[in-house]
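# Structural overview
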Amino acid sequence: MAKKIFDYELVTYKPTNFQIVPSTVNVTVGCDQLDSNHLERFLIDGGIYKELQFYREQSNADVESWDNAVGKMDKPDEIKKFTDQCEKMLKGKVAGVEKQVNGLLDAAWEKEKKANTACLNYKLTTAVTVSAAVLGLAKSIAALVASAGTAIPAYIAAAKAVKTLATEVKKAFESAESAREDLQTALEKLAKDEEKAKSTVSAADSALKDYNQKLTNARKSADELAGKLDEALEASEKDKLGDTRDREAAIDKMIRKISDLNGAREQGEGYADKARAIIKAAKSDSKMDLKTLNSYASKAQAALNVAKEIVTYASQLL
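Everything numeric here is computed off the predicted structure, so don't read it as measured data.

### Some thoughts on the overall build of the chain
What the chain contains, in helices and strands, is nine helices and five strands. In the chain, the order of α-helices and β-strands from amino to carboxyl end is β-β-β-α-α-α-α-β-β-α-α-α-α-α. Split into buried and exposed, the 318 residues of the chain put 44% on the buried side. Across the chain, the fraction of contacts at a sequence separation of at least 24, relative to all contacts at a separation of at least 6, is 81%.

### Observations regarding the pattern of salt bridges
With the rule as written, the count across this model stands at ten salt bridges. Its salt-bridge partner being aspartate 210, residue lysine 214 comes within 3.5 Å of it at the nearest N-O pair. Placement of the pair is lysine 214 and aspartate 210 together in helix H7 (residues 198-238), with a separation of four residues, close to one helical turn. One salt bridge connects glutamate 309 with lysine 257, and the closest N-O pair in it is separated by 3.1 Å. Taken together, the positions of glutamate 309 in helix H9 (residues 294-314) and lysine 257 in helix H8 (residues 244-283) put the pair 52 residues apart, joining distant regions of the chain. The class for lysine 257 is buried, based on a relative accessible area of 18%.

### Considering the packing of aromatic side chains
Under the counting rule described, the total for this entry stands at two aromatic pairs. The interplanar angle of 75° and the centroid separation of 6.0 Å between the aromatic rings of phenylalanine 54 and tyrosine 55 together place this pair among those described as edge-to-face. The exposure class assigned to tyrosine 55 is buried, which follows from its relative accessible area of 13%. Measuring from ring centre to ring centre gives 5.9 Å for tyrosine 211 and tyrosine 271, while their planes differ by 85°; the resulting arrangement is edge-to-face. Here the residue tyrosine 211 occupies a position in helix H7, and tyrosine 271 occupies one in helix H8, the gap between them amounting to 60 residues. Under the relative-accessibility criterion, tyrosine 211 is labelled buried at 2%. Here arginine 56 stacks its cationic end above the ring of tyrosine 8, 3.9 Å away from the centre of that ring. In this structure, arginine 180 is placed above the aromatic ring of tyrosine 271, and the distance from its NZ or CZ to the ring centre is 5.1 Å.

### Examining the environment of glycine 268
Looking at the element boundaries, glycine 268 is found in helix H8. On the basis of relative accessible area, glycine 268 is assigned to the buried category, the value being 0%. In this structure, the C-alpha to C-alpha distance between glycine 268 and serine 298, residues 30 residues apart in sequence, is 9.3 Å.

### Overview of the nonpolar core
Within the largest apolar cluster, 29 residues are counted, with the highest numbers of intra-cluster contacts made by Leu225, Met254, Leu261, Ile310 and Leu317. For this core, the secondary structure elements donating two or more residues are helix H6 (152-192), H7, H8 and H9. Among the elements that make up this core, the one with the highest residue count is H6 (nine residues). Counting 24 residues, the second largest nonpolar core, distinct from the first, contains Val27, Ile48, Tyr55 and Leu124.

### A short note on the sheet that holds strand E4 (residues 125-130)
Taken in spatial order, the three strands of this open sheet run E1-E3-E4, and their pairing is antiparallel. What marks the edges here is a single partner per strand, and that holds for strand E1 (2-9) and E4. Ignoring strand direction, the axes of neighbouring strands in this sheet form an average angle of 10°. Here strand E3 (residues 24-31) pairs with E4 via six bridges, running antiparallel. Residue threonine 28 lies in a different strand from E4, and its bridge partner there is alanine 127. Together, E1 and E3 form the strand contacts of helix H1 (residues 36-45), whose direction differs from that of E1 by roughly 40°. Helix H2 (residues 48-71) contacts E1 and E3 of the sheet and is inclined by roughly 15° relative to E1.

### Brief notes about the confidence of the model for the chain
Residue-level pLDDT values for the chain average 81, and 90% of them are 70 or greater. Per-element mean pLDDT across the chain ranges from 50 in helix H5 (residues 139-145) up to 88 in H7.

Each value, and the rule that gives it
- Residues numbered from 1 in each chain as written.
- Predicted model: local features only at pLDDT ≥ 70, side-chain atom pairs only at ≥ 80, totals over all residues.
- Heavy atoms only, no water.
- Helix = DSSP H or I, 4+ residues; strand = E, 2+ residues; numbered from the N terminus.
- Buried < 20%, exposed > 50% of the residue type's maximum accessible area, 1.4 Å probe, protein only.
- Contact = heavy atoms within 4.5 Å.
- Salt bridge = Lys/Arg side-chain N within 4 Å of Asp/Glu carboxyl O.
- Phe/Tyr/Trp six-rings, centres within 6.5 Å; stacked < 30°, edge-to-face > 60°.
- Lys NZ or Arg CZ within 6 Å of the ring centre and 35° of its normal.
- Core = buried A, V, L, I, M, F, W, Y, C linked by side-chain atoms within 4.5 Å.
- Pairing = 2+ DSSP bridges.
- Axes fitted to C-alpha atoms, helices over the stretch in contact; angles between N-to-C directions.
- pLDDT = per-residue confidence, 0-100.

In structure tokens form, the structure reads like this:
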């Protein structure tokens, strides 16, 4: 017997403010006389995939909306109450999927038999199961719900701010690296311009100014994140939860990574200083040497990887 078996997750959106075990639909279709390719076409023509895609899009939109709502909450009991309600709504949404898919399979098979009378003598076996979706609190919030510690709201607020700022830091360093690449291009063009045209020099000056501004923005973002990490650490130290050590370890890792980030940023500042000297040399018709930029460039680029690690650690705080 040829069989077509597939699993389909009804929620693929990954929330950051709560945990979710998504509902999964398992569909099995079999027939002795039909091959797997025919069964695949049967599922496509019967609208099975299309229907499941519709449910997924709707469920993803709901979960994303709930995730954004939880992101604005700072009271553990409020978060738990809300996620419990969301779980009920999601379960209600997927409850009819099994019946709907079975109905589509029956209708598709009737259509198949009308189109191909040989199928009147065939037996199609189908099985559709749907696992229930489960929403849960993030690990730390689940522990916080059971505690009456006064530091709880402060910690949640600080941890959420850290997650937001970590993303902003990443964007700031991405912007700085993009500006550095533009500056590199402007400097290379300047080096090739034997006449050192005013427009070429001006373009390099402008690119340097933009890079310096982006570096300043990146430094400010990193400093703001460091300050918020201190707040989160202070609030965490005030509670007596079982996972306090894990959360504080994640914060400590982020603090060390910010130190690495600042080190990479300083290399970017060194790059800017060398670029300034190169532009000055061009203006005075002195020899330009772009090779001096290479060591700074590679170390400045490392900031991006560090920023990505910081975002990962930030997600572990709640």
